[in-house]
Amino acid sequence: MEMFEYQKEAVEFLRKTPRALLELDTGLGKTRVCIEFLKSDPEKFPIIICPKFLKETWRKEIKKWGYEGSYLLMSYSEFQKDNDNILNTELLLNLAALKPNTLILDEAHYLKNWSSKRTKNILLNLPAMLKSVVKTELTNIIFSTATPLTKSAADLHPIVSVCEPGKWGKFRDFCIRYCNKKWNKFKGYRGDWEYFGINEYNADELTKRLKKFRTVVKKKDVLKELPEKSVIDITLELEPVTLEASGIDKDEARRMIAQGRSTDNIAANRVALGLSKVTDLLEYLESLTASTGKLVIFTWHKDVAREVVNRLKAKSDMPVECITGDIEERVRSEILADFNDREYSILVATIASCGVGLNLQTASTAIFLELPWSYAEMKQAEDRLHRIGQENKVFIYRFIAKDSLDELVLDVLDEKEKSMNAIGSSL
């Protein structure tokens, strides 16, 4: 598929900017841009670091877009070793052979805190050890994220300090200039300043300074280029719920799914599969909700929906509502009214309870944490958002566990979609 014009411009920006902040809204193809950048120069040998749940997605995207160069793909958690010993013998051998000169940091808002071991290891220790042990220097560093700033301008300090070394000052000085502040008597031993938001008097200055190494694309700016609906699969590696680990025969399970039937083993695995994705979902939402406003999360099982709601309420500042089949109609109407009236909100809903008859077009982003076994149910749920009255492009994210029932379900859904489209095209 041909790149969009804004993607081409982003690739060119990366080629001209050795240390860059690639800030594209979720769903606009940050991964594709990074891969095309690597393809544009065969001398690039990258270390790609991303959240664990995105490693398999990166592998698929690399294959999909035809990148044939060498690379090392790691997760952030792999750098969190005891005693800050981030480069073990095996990794050193890989790096010595690869001689990496490019570092791509996907979901770079994971590095917003200088006090975390993760940030120190990757932004300070890794470049130093590459230079001293592997005898190579990083000529390109790419911070890729939709939300580099999540709570305050302070989140930017690690990124700007790497992109322009020595030009942004110490962390506290940066915060004083670019953040709002208030005194917190409970912070530290005797209290301390707490920094939040962006200082409006210096916001223009900050924006101007960032422009030297930052390229930004928002959905609202490129709506005409985007398809009306984009479906994006997020592949997860979840060992305990794979077909092999669960003792499920692949061929039998596929027949069951195609026929809409199940066994006790498959049914139990299906619930466990949904529950096992919740932790990765919460991690993914750290970057997603900030750029989407409203979000709908579809599940199949009530237990999975409730687990998502309970975990979200304990972690998220956004209002979280839930609709399942046992919610009476009057309460359901009130929940929907509240959701549609708010600017920022999360609705968790089981597919059977919200698949038809509901208007959710005030939201333009949905996540299928679990997949239905029926193509019609999938499409009906998607069309709660993708319908008359929708003013934005719709983004559908499907969480797919590798080597699990999910992949079989996806195959069946794809076949049913092709059949439906063939029937439609003949009428």
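Residues numbered from 1 in each chain as written. Predicted model: local features only at pLDDT ≥ 70, side-chain atom pairs only at ≥ 80, totals over all residues. Heavy atoms only, no water.

(A) Representation of helix 10 (residues 250-259) in the model. Residues of helix 10 that are buried include every one of Ala-253, Met-256 and Ile-257, and no others. Angular distribution of buried residues about the axis of helix 10 spans 100 degrees; they occupy a single face of the element. Two to three positions downstream of the cap, the backbone nitrogen of Asp-251 sits 3.3 Å from a side-chain oxygen, assigning the N-cap of helix 10 to Asp-249. At the exit of helix 10 stands Gly-260, carrying a positive phi of roughly 75 degrees. (Buried < 20%, exposed > 50% of the residue type's maximum accessible area, 1.4 Å probe, protein only. Helix = DSSP H or I, 4+ residues; strand = E, 2+ residues; numbered from the N terminus. Arc of directions from axis to C-beta. Polar contact = N/O pair within 3.5 Å; in protein donor to acceptor, adjacent residues only side chain to side chain.)

(B) A look at the sheet that holds strand 1 (residues 19-24). An order of 3-2-4-5-1-8 is seen for the 6 strands of this open sheet, with the pairing classed as parallel. Whereas interior strands pair on both sides, the edge strands pair on one side only; in this sheet they are strand 3 (72-75) and strand 8 (214-217). Looking at each pair of strands side by side, their axes are set apart by 15 degrees on average, direction ignored. The sheet contacts of helix 1 (residues 5-16) involve strand 1, strand 5 (140-144) and strand 8, and relative to strand 1 the element is tilted by about 165 degrees. Across the sheet, helix 5 (residues 117-134) lies against strand 2 (46-50), strand 4 (102-106) and strand 5, angled at about 160 degrees from strand 4, the strand it touches most. (Pairing = 2+ DSSP bridges. Axes fitted to C-alpha atoms, helices over the stretch in contact; angles between N-to-C directions. Contact = heavy atoms within 4.5 Å.)

(C) Spotlight on the packing of aromatic side chains. Following the criterion strictly, the structure yields 10 aromatic pairs and no others. Taken together, a centroid distance of 5.2 Å and an interplanar angle of 10 degrees make the contact between Tyr-76 and Tyr-110 stacked. Of this pair, Tyr-76 sits in the loop between strand 3 and helix 4 (89-98) while Tyr-110 sits in the loop between strand 4 and helix 5; the two residues are 34 residues apart in sequence, bridging distant segments of the chain. Across the pair, Tyr-110 and Tyr-76 agree in class, each one buried. A centroid spacing of 5.1 Å and a plane angle of 55 degrees characterise the contact between Phe-174 and Tyr-178, whose relative ring orientation is tilted. With Phe-174 and Tyr-178 both in helix 7 (residues 171-178) and 4 residues apart, this pair spans about one turn of that helix. The class for Tyr-178 is buried, based on a relative accessible area of 2%. The ring of Phe-196 has Lys-182 sitting right over it, with the charged end atom 5.6 Å from the ring centre. Sitting over the face of the ring of Trp-168, Arg-209 holds its NZ or CZ atom 3.7 Å from the ring centroid. (Phe/Tyr/Trp six-rings, centres within 6.5 Å; stacked < 30°, edge-to-face > 60°. Lys NZ or Arg CZ within 6 Å of the ring centre and 35° of its normal.)

(D) View of the pattern of salt bridges. Here the structure, examined in full by the defined rule, presents 25 salt bridges. One salt bridge in this structure joins Glu-12 and Arg-15, with 4.0 Å as the shortest N-O distance. Taken as a pair, Glu-12 and Arg-15 lie in helix 1 at a separation of 3 residues, close to a single helical turn. With a closest N to O distance of 3.8 Å, Asp-326 and Lys-302 form a salt bridge. Placement of Asp-326 in the loop between strand 11 (320-323) and helix 14 (329-341) and of Lys-302 in helix 13 (residues 302-315) is noted, with a sequence separation of 24 residues between them. A relative accessible area of 46% means that Asp-326 is categorised as partly exposed. Put simply, Glu-23, Asp-25, Arg-214 and Lys-218 are held in one network by salt bridges that share partners. (Salt bridge = Lys/Arg side-chain N within 4 Å of Asp/Glu carboxyl O.)

It is worth stressing that arrangement in space is one thing and function is another; only the former is reported here.
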